[in-house]
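Tertiary structure, described
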Amino acid sequence: MSATVIPEQLDVAFHVNAALPDVASPQLGALLDSLAGFGYRRIVLPPMDARSIDVDALRDACDQRGLTAIPMAGQSPEADVSSVDPWVREAGARALRDAIELAARLGSDRLGGVPYGLFGRAEHAAPRDAWRRSAAAVGLAAEEAFERGITMTLEVLNRYETAMVNTAEQAMAYVEESGSEHLAIHLDTFHMAIEEADTAEAIRMALPRLAYIELGQSGRGLLSRGSVDIAGVVRGALDAGYSGRWGVEAFSASLLPSAAQSALAIWRPTYQDGVSVASDAAEIIESGWAAHERGVS
C-alpha cells in the first residue's frame, strides 16, 4: 500500500526536531527524501546560530529535493526587543537581523519563530510598555525582511511559554501595533487548544494576517492520536478561506536533545520514529482537504 501524499494544492512544512535532534544528524538526507516523497515542500529549523551549521550545505541538500528550509527568530535575556534596557533591545534587534540574513542565505521567503520576546514561563503579565517596545522593533524587522522578499511570522504561544501573545485576538492587536503591513501571524493547534475557546473562531479572527497554521496534537505526538481534531481544523480553515501555509510539529523525548526537552517540557517518548509522524500527518491533512473538497463540490 502506497503512502498518502499531501495534496499539491497545500504547501506544508515539517519541523526537523519532530524526527531528528538537529540538522547535523547523518540521517538528515534520508529524512528529506521521505518528506519530499510525502509531498512536503519545506522543513522548519529549530532556533540556531548560523555559525554552528554549514548553511550552504543545508540549502543544497534541500534544493536537491525541491525543499526549502524555514529558520526561526528568537530572543534571549541578553538580546530582547521588549527589554527596558536600550542595549539589550538593540541586541535583540540585531538577533532579528541575523535571522533574516539566515533566511536569505537559505533561499527562504519565510522567517518564523518567536521574535517578540523571551520564550518560557513568565512570572507576571507582560507590561504594556514592553509589549509596545517589542511590537515597534518587530515591525521594523518585518519591513526589513519584506524588502528582502521574506515574510516574518510571529507564533502565538500558550501562557506557559510566553506572556506576550497568547491568543489570536492579541496577535491581531500586536501586528496592528507593530505598524508593519507585512508582519504575519502563525497559529498552532497545540497552543490554541490551551488558550482559545473556539479554534475555528480564532482562525477566522486572524485570517486577514494569518500566514501559517501549525498542526500539533495535544500530547505532542502523532497527529492522529490526541484530543485535537486536526482533520477538522484543516477542513474548517479551508472552508473559511485560508490559503496560506501549513506546518507539522511533534516532539518526543526519544529524539529531542536534552535542552529542547527541558525548554518544551517533553518528558516522555511520544513516538520513536519521526518519519511515521510525517506519514501520519500526510494522511490527516489529506483527509481534511478531501472533506473540504467534498463540501464545496
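Residues numbered from 1 in each chain as written. Predicted model: local features only at pLDDT ≥ 70, side-chain atom pairs only at ≥ 80, totals over all residues. Heavy atoms only, no water.

Given two aromatic rings, their pairing is described by the distance between the two centres and the angle made by the two planes. Counted according to the given criterion, the structure contains four aromatic pairs. Seen from the ring of F190, R220 lies directly overhead, with NZ or CZ sitting 3.7 Å from the centre. (Phe/Tyr/Trp six-rings, centres within 6.5 Å; stacked < 30°, edge-to-face > 60°. Lys NZ or Arg CZ within 6 Å of the ring centre and 35° of its normal.)

With that settled, the discussion passes to the sheet that holds strand β3 (residues 68-70). Read across the open sheet, the nine strands follow the order β3-β2-β1-β9-β8-β7-β6-β5-β4; overall the sheet is parallel. Edge strands, defined here as strands with exactly one partner in the open sheet, are β3 and β4 (72-73). This element, helix α5 (residues 168-178), spans β6 (151-155) and β7 (184-188) of the sheet and lies at about 165° to β7. Where helix α7 (residues 199-206) meets the sheet, its contacts fall on β7 and β8 (210-215), and the angle it forms with β7 comes to roughly 170°. (Pairing = 2+ DSSP bridges. Helix = DSSP H or I, 4+ residues; strand = E, 2+ residues; numbered from the N terminus. Contact = heavy atoms within 4.5 Å. Axes fitted to C-alpha atoms, helices over the stretch in contact; angles between N-to-C directions.)

Take the pairing of β7 next. Within β7, five of the five residues are buried, leaving the element largely enclosed by the surrounding structure. Burial along β7 is two-sided: the residues A184, H186 and D188 and I185 and L187 are all buried. Pairing of β6 with β7, which is carried by three bridges, proceeds in the parallel orientation. Opposite E155, over in β7, you have H186 as the bridge partner. With respect to chirality, the unit in which β6 leads through α5 into the neighbouring parallel β7 is right-handed. Relative to β8, β7 runs parallel, the two being bridged by four bridges. Bridge assignment links I185 to a residue of β8, and that residue is L210. (Buried < 20%, exposed > 50% of the residue type's maximum accessible area, 1.4 Å probe, protein only. Right-handed = clockwise from strand over helix to strand, strands pointing away.)

Before going further, it helps to examine the nonpolar core. Of all hydrophobic cores here, the largest spans 85 residues; its most connected members are F14, Y40 and W246. Not counting residues up to four positions away in its chain, the partners in contact with F14 are A19, L31, L35, Y40, R42, I43, V44, V248, G274, V277 and A278. One finds F251, A253, L256 and I266 within the second-largest nonpolar core, a separate group that totals six residues. (Core = buried A, V, L, I, M, F, W, Y, C linked by side-chain atoms within 4.5 Å.)

Turning next to the pairing of strand β1 (residues 12-15). Neither face of β1 is exposed, since V12 and F14 on one face and A13 and H15 on the opposite face are all buried. Strand direction decides the pairing type here: β1 and strand β9 (residues 245-248), joined by three bridges, are parallel. Bridge pairing in β9 links A13 to G247. Two elements, β1 and strand β2 (residues 42-44), share three bridges in a ladder whose sense is parallel. Within β2, the residue paired with H15 across the bridge is V44.

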